[in-house]
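Single-letter residue listing:
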Amino acid sequence: MAKDYPASPKAQHLQESKKQRLTYILVVSGLCVAFYVLGAWQNTTIPKPMGDSAISRVDCDPVAQKDGSVPSFGSASENVLDFDAHHQLNLSDTEAVVQQFPACSLNFSEYTPCEDRPRGRRFERNMLIYRERHCPEKDEQIRCLIPAPPKYKNPFKWPQSRTLLGLTISLTRSSALRRLCRTGSKWRETSFGSPVVALCFHMVLMRTLMTLLSSSRCRMGRSGRQLTRAAGWGAYLLKRNIIAMSFAPRDTHEAQVQFALERGVPAIIGVMGTQRLPYPSRAFDMAHCSRCLIPWGEHDGLYLAEVDRILRPGGYWIHSGPPINWKTHHNGWQRTEKDLKQEQDKIEDVARSLCWNKVAEKDDLSIWQKPKNHLECANIKKKYKIPHICKSDNPDAAWYKKMESCLTPLPEVSNQGSIAGGDVEKWPERAFTVPPRVKRGTIPGIDGKKFEEDKKLWEKRLAYYKRTTPIAEGRYRNVMDMNANLGGFAASLIKYPVWVMNVVPVNSDKDTLGAIYERGFIGTYQDWCEAFSTYPRTYDLLHADNLFSIYQDRCDITDILLEMDRILRPEGTAIIRDTVDVLTKVQAISKRMRWESRILDHEDGPFNPEKVLVAVKTYWTADPSEHS
């Protein structure tokens, strides 16, 4: 007979483990089924009235019954769930009341904080120091909203605004006429119900200039950027795809800059005094001065040396007005022939000392050209000791930087035909080609690859903006990019009838303004802890890309937003990109400025921490009683 042997301890343990596991699975499955059945049974019951609930105490449901009961929740086929907010707490009883900024008095309607005339009188008049930027101290700053004058109307749309101007700005009838050409100006009433001036220009002078520039000796060769003090000339050049940066001081009776901006022509308040113009070196293809009364031959050639700094190699300086053509006009200018001849001789002597070449003089115009490089300039400087070669290591430094009576050296070249710093393409290819400064690696952290990435980025961003703002509908003309970086926003708008003031903050870690000019755009330096050099209500669209992240620890962002309100036209738009924490603060302040705003997701989706705030400045004007 066979003998039975008991199983080993290990085998017995495995059998018991299998039994325990099976039991565990059965128990868990049973509990799941039981709880599912219990939950299904509970959902079929009707909830009992809740009585005097917390919801009824704060009146969250206005349709609740008087006895405090709430509607029952039946099946989805019988009732539609209401997810709308029904809170009706009186906010006047809480601390959440939004207190709006007050409106300034009407005498502030044309206020320019850093070019305020009463403040300027504290400074000396020598070399126009009193007309330079003098911003208010902390105790002088105002925190109120700059009002538009009663019955204010926004300018005509472009291109009508180039030749029609509604007199809703602070120009008197006589000063407006002085700003136009001396004859042919006409006033007329229109269906818009406001006086309009039909503009005209000194067309003979402009045709003469364009004839000279089109000659074989001084062909510009490409549409470029031009610095001028004549906004009418700048408006004329726009027809030729040449954008001009016009500048003039804050006038006591003629608002030249405001006049230009109302017409949709780029302009900024500025003066040639003791400080450098707020532009980088080698920025402009041409500089033009028409009767600007600047003593070009004085102060060891200080002012022409500054023009030389901002002119591109091969660029032109065009001068019209005294003392040019003094033989014809000396009687009208009430000056002696000897005096005028000495003044012109001084100007020409300074120009030659800067290695410039006089290419033409006809009628009331004189045109000089800056050399393409300084290879031959060394021989000229042996003859002219003044101005000397500048020793500064940063010719682009221009924010509150004193002018120097010295010749700014150009980048070195290998042969006489080369353009110092690199040549630029023709327009419009120039706008999308890697700028010479980027090619040469003079901007830390920026190379050709990052430039191409920036172009694609702004193509995507503009497509997103067009879904939320009327960029493509001709609503905007004067646009400002408050933190322009490489000028990608301006490049993305090139096919629309707008111009962009590209602002590079002086607090930025990269100075890209030189590259922006090499792309064929215009711009300026700015510290946004201070006011911008323009009149109120001069821009239709403001764009701020991470601007507040730069400045939130430097100054009060409330002051920046109040400045944005000052320069933005009624019903103008602001697009602000930043982190959601920053935008929440910005939106809270914007509500106090009578702006309507909303925060949108990033173009890449809701998971990106950066958001976009789109705000519109509402239309309102000063109380008419203040005007009486």
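Residues numbered from 1 in each chain as written. Predicted model: local features only at pLDDT ≥ 70, side-chain atom pairs only at ≥ 80, totals over all residues. Heavy atoms only, no water.

Draft legend 1. Here's a closer look at the pairing of strand β15 (residues 522–526). Of all five residues that make up β15, five are buried, and the element is covered over most of its length. In β15, alternate side chains face the same way, and those of Ile522, Thr524 and Gln526 on one face and Gly523 and Tyr525 on the other are all buried. With five bridges connecting them, strand β14 (residues 499–505) and β15 associate as parallel partners. In the strand pairing of β15, Asn502 is matched with Gly523. With respect to chirality, the unit in which β14 leads through helix α16 (residues 513–518) into the neighbouring parallel β15 is right-handed. (Buried < 20%, exposed > 50% of the residue type's maximum accessible area, 1.4 Å probe, protein only. Helix = DSSP H or I, 4+ residues; strand = E, 2+ residues; numbered from the N terminus. Pairing = 2+ DSSP bridges. Right-handed = clockwise from strand over helix to strand, strands pointing away.)

Draft legend 2. Examining the state of the cysteines more closely. Counted under the stated rule, the structure contains six disulfides. Between the sulfur atoms of Cys355 and its disulfide mate Cys377 the distance is 1.8 Å. As the torsion about the S-S bond is roughly 60 degrees, the Cys355-Cys377 disulfide counts as right-handed. Placement of the pair is Cys355 in the loop between α11 (337–353) and β9 (357–362) and Cys377 in helix α12 (residues 377–383), with a sequence separation of 22 residues. Residue classification places Cys377 among the buried positions, given a relative accessible area of 5%. A sulfur-sulfur separation of 2.3 Å characterises the disulfide bridge that pairs Cys529 with Cys555. Where Cys529 bonds to Cys555 through sulfur, the torsion about that S-S bond is close to -90 degrees, and the disulfide is left-handed. (Disulfide = S-S within 2.5 Å.)

Draft legend 3. Broad picture of the packing of aromatic side chains. Inspection of every chain in the model, using the stated rule, returns eleven aromatic pairs. Following the ring pairs from residue to residue traces out a cluster consisting of Tyr279, Phe284 and Tyr517. Lying across the ring of Trp458, Arg461 places its NZ or CZ 4.7 Å from the centre. Its guanidinium or amino end placed over the ring of Tyr152, Arg537 lies 5.4 Å from that ring's centre, counting from NZ or CZ. (Phe/Tyr/Trp six-rings, centres within 6.5 Å; stacked < 30°, edge-to-face > 60°. Lys NZ or Arg CZ within 6 Å of the ring centre and 35° of its normal.)

Draft legend 4. Structural context of the confidence of the model for the protein. Put simply, the protein has an average pLDDT of 82, and 77% of its residues get 70 or more. In the model, residues 216–222 has pLDDT below 50 throughout and makes 20 contacts with residues more than four positions away in sequence or in other chains. (pLDDT = per-residue confidence, 0-100. Contact = heavy atoms within 4.5 Å.)

Draft legend 5. View of the side chain of Ser353. As for its position among the elements, Ser353 is in helix α11. Take Ser353: its relative accessible area is 2%, and that puts it in the buried class. Among the polar contacts made by the side chain of Ser353, one reaches the main-chain carbonyl oxygen of Val350 at a distance of 2.6 Å. Setting aside residues up to four positions removed in sequence, Ser353 forms contacts with Lys381, Tyr384, Ile386 and Pro387. (Polar contact = N/O pair within 3.5 Å; in protein donor to acceptor, adjacent residues only side chain to side chain.)

Draft legend 6. Spotlight on helix α9 (residues 302–310). Counted residue by residue, α9 has nine buried out of nine residues, so it is predominantly covered. All of the buried residues in α9 are Leu302, Tyr303, Leu304, Ala305, Glu306, Val307, Asp308, Arg309 and Ile310.

Draft legend 7. View of helix α14 (residues 448–465). Over its 18 residues, α14 runs 26 Å from end to end, which matches the ideal 26 Å to within 8%, given 1.5 Å per residue. Among all positions of α14, only Phe451, Asp454, Lys455, Trp458, Arg461, Leu462, Tyr464 and Tyr465 are buried. Packed against the buried residues of α14 are α15 (488–492), β16 (539–545), β17 (568–579), β18 (595–600) and β19 (610–617). (Expected span 1.5 Å × (residues − 1).)

Draft legend 8. Molecular detail of the sheet that holds β17. On the basis of which strands lie adjacent, the open sheet formed by seven strands has the order β15-β14-β13-β16-β17-β19-β18 and mixed pairing. Lying at the two open borders of the sheet, with one neighbouring strand each, are β15 and β18. Neighbour-to-neighbour, the strand axes of this sheet turn through a mean angle of 20 degrees, independent of strand direction. Here β16 runs beside β17; their pairing, made up of six bridges, is parallel. Counterpart to Leu541 in the pairing with β17 is Thr573. Against the sheet, α14 contacts β16, β17, β18 and β19, and its axis sits at roughly 130 degrees relative to β16. (Axes fitted to C-alpha atoms, helices over the stretch in contact; angles between N-to-C directions.)

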